[in-house]
Structure formats: structure tokens, C-alpha cells
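Residue-level structural notes
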Amino acid sequence: MADPVQEHYEALPYPPRDPRDEAKRLITGSPSRLDELNHYVYGGARDFGKPFRALVAGGGTGDAAIMLAQQLADAGANAEVVYLDWSKTTRAVAEARAAARRLTNIRFVSGSLIEFGSLGLGRFDYIDCCGVLHHLPDPAAGLASLAGALNDEGGLGLMLYARLGRTGIYPLQEALRGLLNDADNIDTRLAVAKKLLAQLPATNWLKRNPFVTDHLTEGDSGIFDLLLHARDRAYDVAETNDFVEAAALRLVAFVPEARYRPESYVSDAALLKRIERLSPIERAALAENIVGNLKSHVFYAVKRANPVTPPAPDRPDLVPVYCELDPAELGAKLKPAGVLTASFEGWQSKLPLPPLAPAIAGLIDGKRNLGQVHAALRERRADLAWDEFAAQFRVFYAAFNGIARLMLRAPSR
Ligand SMILES: C[S@@+](CC[C@H](N)C(=O)[O-])C[C@H]1O[C@@H](n2cnc3c(N)ncnc32)[C@H](O)[C@@H]1O
């Protein structure tokens, strides 16, 4: 008998996408934006002129494969993106999207991650696997086989479901299992789920969780993916880290980083002092428990022996680059020493910005390095010393990188 998860994605590709929309927009996001993966996996120093092979494992309807292939093509990279999924209907959507964009740098493969080793796909510099490992019968074995296909200097961009932010989903999945029989087909399952959804009392935990909205507005494929999945588990921060370490990998960072900093949420000096004593993972776990709205964990990982770190924002040769922000618009909007506000599932960030924020914001163009940004500012303020600029840029960077909108490129190695 076919695997129920494979049957599910054959019948209902997820997320639903219309290839005609490629003419209107490129869907971007974390992980796997090119500048973001370069920042976290390669310390910003990857030379995309050198051959680059990426795998999108469980590529679905194509979001990551299309974004990555498009950004690599735009960068003139010498790259191949391998898309792997076991659902042929899902692959057809991704292929149509690639065709609409005339992308020629994606190789589409149909196959199962469970038999990954026998697919002979070779080795990769980067692997994206989003929303897939938590659906495997043995997620640890799945991650280990992906890690085995990674070049020593490569890395992974991963997404796992997060338990706390998914409050209410699992009791409803269990309720539906109680109402359904093995013989019920996909249409019947959906009909039963919709009837139950329509009758939920106001006290139901999914109804009381206002952060789970996306799947419920995505039609049948969203409802099935959320409530009728045959295999679906979730992880907290500590479990995510254990999961990564068990595959001989090291977690580089959760993104957006500001959501994983307790100091994004608390300002009391005594609490901050206690937070200082915690390890990075303990801080992230604390942040998750304080904010409560993280529905998924997006993070980058590299091999345990790989010492790479994201570039520290204090070298004149680093080039700051925005992820989908317009420098002119931003420069005009920011106030000196204001705060950066952004909305994340009910939480509104208020990240401190330095006095020079509007001026710095308008000078970031993905070409000027920090030395050149400093020089341009000195044309307006001749006494602006590098140390003062660097101190202000660190605050600017903590805010914008914290919401995953600013990365750093380093001279390539
Ligand atoms: C929730 S979707 C996520 C798709 C995509 N990664 C994204 O983020 O939009 C999960 C995908 O993983 C695929 N998948 C699940 N288990 C798989 C397996 N064992 N082998 C290959 N693909 C698998 C499904 O077919 C489905 O397309």
C-alpha cells in the first residue's frame, strides 16, 4: 500500500501555487535566500562563480527551489539546484513555475527521502529542507542522510514545526483520528474536518490560537496539511538543537534572530542579568517560552567540525545587503535613534536604532562596503570616527539582521 503521506501530497500539493503568478511576483523568504544562506553558512564569503550545487529536499510546489534558482541565475552563478519530491503532481506545479520563469538551472527528481542514499544525487554545497523532516517516519535518519550528502564546508537551511506556537493543532488532529476510519478517503476526511471546524466551541485551543491562520485560508490542501496529516510532529528549541547535534551537525542560528532573543521581550534589568548567564540555546528556548507564538523553527546548520560563524558587523570590507528592502524608502521612513518595528504573528518588534540609522539606511546598496558607507557619512560629518560609526552600525545591524532583512557579504575565499 502506498504511504499515506505520499498519497496526501499526490492529491493535494502543498502549499497551493498557480504557475501564472510567477509573472507577477517572486516568493522569497527564510531559509535559503541567497544572501542569507551565504551569511549563515559561508560567513558571507561564498564565491558563487565557483560551481555550486544545492538540493531542495521535499521541494513541494517549488517555493525554495524557484527562489534559489532565480537568485542564483540573477547572480550569474555557476549553479545547479536539484529538486526532490516523491509527489509527481506537486513536482508538476514546481516544474511549471520554473518553465514560466525560463529557469534552466533546476534538475527535477522524483523520489523518496527515505531512500535518499540510493538516489545517487551526489554531494551538495547547500541543502534546503523545509517542513519535511517532521513528516518522515524517522526524522533523525532523514537528517543524517542529508548531512551525509553535504560537502564539508556546506550547510543546511531547515524548518521544523514548533510545538508551542502550534497549540491547538494536535488535539484537533487527535479528535479527527477518533472520528475517522482507515477506510475514509481524502474527500471524506476533508468533509468531516470541515464539519468539525464549523462546530468548534469558542474554548477550543485552535480557535483560541490566533496565530494559526495560514493553513486555514489555503483551501482543502491547507486544511488537510494542518489537521489530517498522517505523520506530523513538532519540536521545541532544545529538541531542535538535540536533533541537529544527533546528526553530527551544529546549529548556527535560528532566524529571524530577534525572535529568539529574550531581550527582545523583556527589559527589566534584574531579568536581563539572569539572561546573560544562559547559553545561546538556553536563551533561544527561553525566548520561545516567553513569546509563545513561534509556529516553526527556521535555522541554519553546518557540520560539527566546521567553525564558520556569521560575519561580525565590524569590518570595513564587509558589504551590507538588504533582503527585499528599498534603501531610499527606508532612509526616508526611519527616525534618528528610533525603533525598528515589524510584526511577527501578533508580536510587534521594537528594536533600538542608532542616531545615524536614517543616514546609514539610505547608503546600503549591496555594493558599498562598510568602509565606503563610513566614508560617505564623513562627507556629511567630517569628525565621524570609524569606532563611533562601527558602534552605531552594530546597533543598526542587530535590529535589521534581527528581523532577517540585512545580511553581510565578505570578500570571497
Ligand atoms: C509541507 S510540504 C513542504 C514543501 C516545501 N518544502 C515548502 O516549504 O514549501 C512537504 C513536502 O515534502 C514532500 N515529502 C514528504 N515526505 C517525503 C519523502 N519521504 N520523500 C520525498 N518527499 C517527501 C511532500 O510530497 C511535500 O511536497
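Note that the structure is predicted; figures quoted are calculated from it, not measured. (Residues numbered from 1 in each chain as written. Predicted model: local features only at pLDDT ≥ 70, side-chain atom pairs only at ≥ 80, totals over all residues. Heavy atoms only, no water.)

**Things to note about the domain arrangement of the protein**
Domain annotation for the protein reports domain 1 (4-161 + 235-303), domain 2 (165-227) and domain 3 (319-409). If you average the C-alpha positions of domain 1 and of domain 3, the two centres end up 27 Å apart. Across the domain 1 to domain 3 interface the summed buried area is about 1600 Å²; carbon plus sulfur atoms make up 51%. Its largest share of buried area at the contact with domain 3, domain 1 owes to R33, D35 and H39, together 32% of the area lost on that side. In this structure, the connection of domain 1 to domain 3 is made through four salt bridges. R409 is paired through a salt bridge with D35; the nearest N and O atoms lie 2.7 Å apart. Across the contact surface, domain 1 and domain 3 share 13 residue pairs in polar contact (both at pLDDT 80 or more). (Domains from an automatic or database assignment. Buried area = accessible area lost by both parts, 1.4 Å probe. Salt bridge = Lys/Arg side-chain N within 4 Å of Asp/Glu carboxyl O. Polar contact = N/O pair within 3.5 Å; in protein donor to acceptor, adjacent residues only side chain to side chain.)

**Some remarks on the site of the ligand**
Taken together, the neighbourhood of the ligand is formed by 18 residues, with G58, D85, W86, L113 and C130 sitting nearest. Within the backbone of G58, an N or O atom sits 2.8 Å from a nitrogen atom of the ligand. The contact in question runs from an oxygen atom of the ligand to an N or O atom on the side chain of W86, over 3.2 Å. Burial of the ligand by the surrounding chains reaches 94%, relative to a free accessible area of 600 Å². (Near = heavy atom within 4 Å. Areas by Shrake-Rupley, 256 points an atom, 1.4 Å probe, with all protein chains shown as cover.)

**Description of the packing of aromatic side chains**
Applying the stated criterion across every chain, the model contains 14 aromatic pairs. Ring geometry for Y83 and F108: centres 5.0 Å apart, planes at 50°, overall tilted. You can see Y83 sitting in strand β2 (residues 79-85) and its partner F108 sitting in strand β3 (residues 106-110), a full 25 residues away along the chain. You'll find Y83 and F108 in the same group, each marked buried. Judged by centre distance (5.9 Å) and plane angle (25°), the ring pair of F393 and F396 falls under stacked. With F393 and F396 both in helix α15 (residues 386-402) and three residues apart, the pair spans about one turn of that helix. Across the pair, exposure class does not vary: F393 and F396 are buried alike. Among the aromatic residues, those joined into a cluster by ring pairs are Y322, W386, F389, F393, F396, Y397 and F400. For the cation-ring pair, R46 lies above Y42, with the distance from its terminal atom to the ring centre recorded as 5.2 Å. The ring of W205 carries R208 above its face, with NZ or CZ at 5.3 Å from the centroid. (Phe/Tyr/Trp six-rings, centres within 6.5 Å; stacked < 30°, edge-to-face > 60°. Helix = DSSP H or I, 4+ residues; strand = E, 2+ residues; numbered from the N terminus. Buried < 20%, exposed > 50% of the residue type's maximum accessible area, 1.4 Å probe, protein only. Lys NZ or Arg CZ within 6 Å of the ring centre and 35° of its normal.)

**Focus: the side chain of N241**
Looking at the secondary structure, you find N241 in helix α9 (residues 237-246). Residue classification places N241 among the buried positions, given a relative accessible area of 10%. Residues within four places of N241 in sequence aside, it is in contact with L251 and I281. (Contact = heavy atoms within 4.5 Å.)

**As for the sheet that holds β3**
The strand order β3-β2-β1-β4-β5-β7-β6 describes an open sheet built from seven strands, whose pairing is mixed. The open sheet has two edge strands with one neighbour each: β3 and β6 (249-255). On average, adjacent strands in this sheet sit at an angle of 20° to one another, irrespective of strand direction. (Pairing = 2+ DSSP bridges. Axes fitted to C-alpha atoms, helices over the stretch in contact; angles between N-to-C directions.)

**Focus: the pattern of salt bridges**
A full pass over the atoms with the stated rule returns 25 salt bridges. For R163, the salt bridge is made with E239, and the minimal N-O distance between the two is 2.6 Å. With R163 in the loop between β5 (150-161) and α6 (169-179) and E239 in helix α9, this residue pair connects regions lying 76 residues apart in the sequence. In this structure, K295 engages E345 in a salt bridge whose closest nitrogen and oxygen atoms are separated by 3.4 Å. Highlighted residues: K295 in the loop between α11 (280-291) and β7 (296-303) and E345 in the loop between β9 (339-344) and β10 (347-352), separated in sequence by 50 residues. Here K295 falls in the buried class, since its relative accessible area comes to 12%. The network of salt bridges with shared partners includes R17, E22, R25, D63, R97 and R101.

**With respect to the environment of A144**
Among the secondary structure elements, A144 is positioned in helix α5 (residues 139-148). The class for A144 is partly exposed, based on a relative accessible area of 40%.

**Re the layout of surface pockets**
In this approach a probe as big as a water molecule rolls over the atoms, and the regions it shows empty are the leftover space. In this model, the second largest pocket occupies a volume close to 610 Å³. If you tally residues by element for the lining of the second largest pocket, the top one is β6, at five residues. For the lining of the second largest pocket, the residue count by class is 14 nonpolar, four polar and six charged. Structurally, the lining of the second largest pocket is a two-domain feature, drawing no fewer than three residues from each of domain 1 (4-161 + 235-303) and domain 3 (319-409). (1 Å grid on protein atoms, 1.4 Å probe; cavity = no way out; pocket = protein on both sides within 12 Å on 5 of 7 lines; lining within 4 Å. Points joined across faces, edges and corners; volume = space filled by probe spheres on them. Nonpolar A, V, L, I, M, F, W, Y, C, P; charged D, E, K, R; others polar.)

**A closer look at α15**
Spanning 17 residues, α15 covers 23 Å between terminal C-alpha atoms, matching the ideal 24 Å at 1.5 Å per step. Count one or two residues on from α15 and you reach A404, which has phi positive near 65°. (Expected span 1.5 Å × (residues − 1).)

**Examining the side chain of R231**
When you line up the elements, R231 lands in the loop between α8 (219-227) and α9. Not counting residues within four places of it along the chain, the set of residues in contact with R231 comprises D3, V5, W86, H134, H135, L136 and P137.

**Digging into the environment of T104**
Residue placement: T104 occurs in the loop between α4 (88-100) and β3. For T104, a relative accessible area of 77% corresponds to the exposed category. As a C-alpha pair, T104 and A175 span 71 residues in sequence and 45 Å in three-dimensional space.

**As for the nonpolar core**
The biggest cluster of nonpolar side chains holds 75 residues, and the ones touching the most others in it are L55, L146, F393 and F396. Taken together, domain 1 (4-161 + 235-303) and domain 3 (319-409) each give at least three residues to this core, which thus spans both. When neighbours within four sequence positions are excluded, L55 is seen to be in contact with V82, L84, F116, L121, F124, Y126, I127, D128 and L146. The next biggest cluster of nonpolar side chains, apart from the first, holds 38 residues, and it includes A64, A69, V81 and M407. (Core = buried A, V, L, I, M, F, W, Y, C linked by side-chain atoms within 4.5 Å.)

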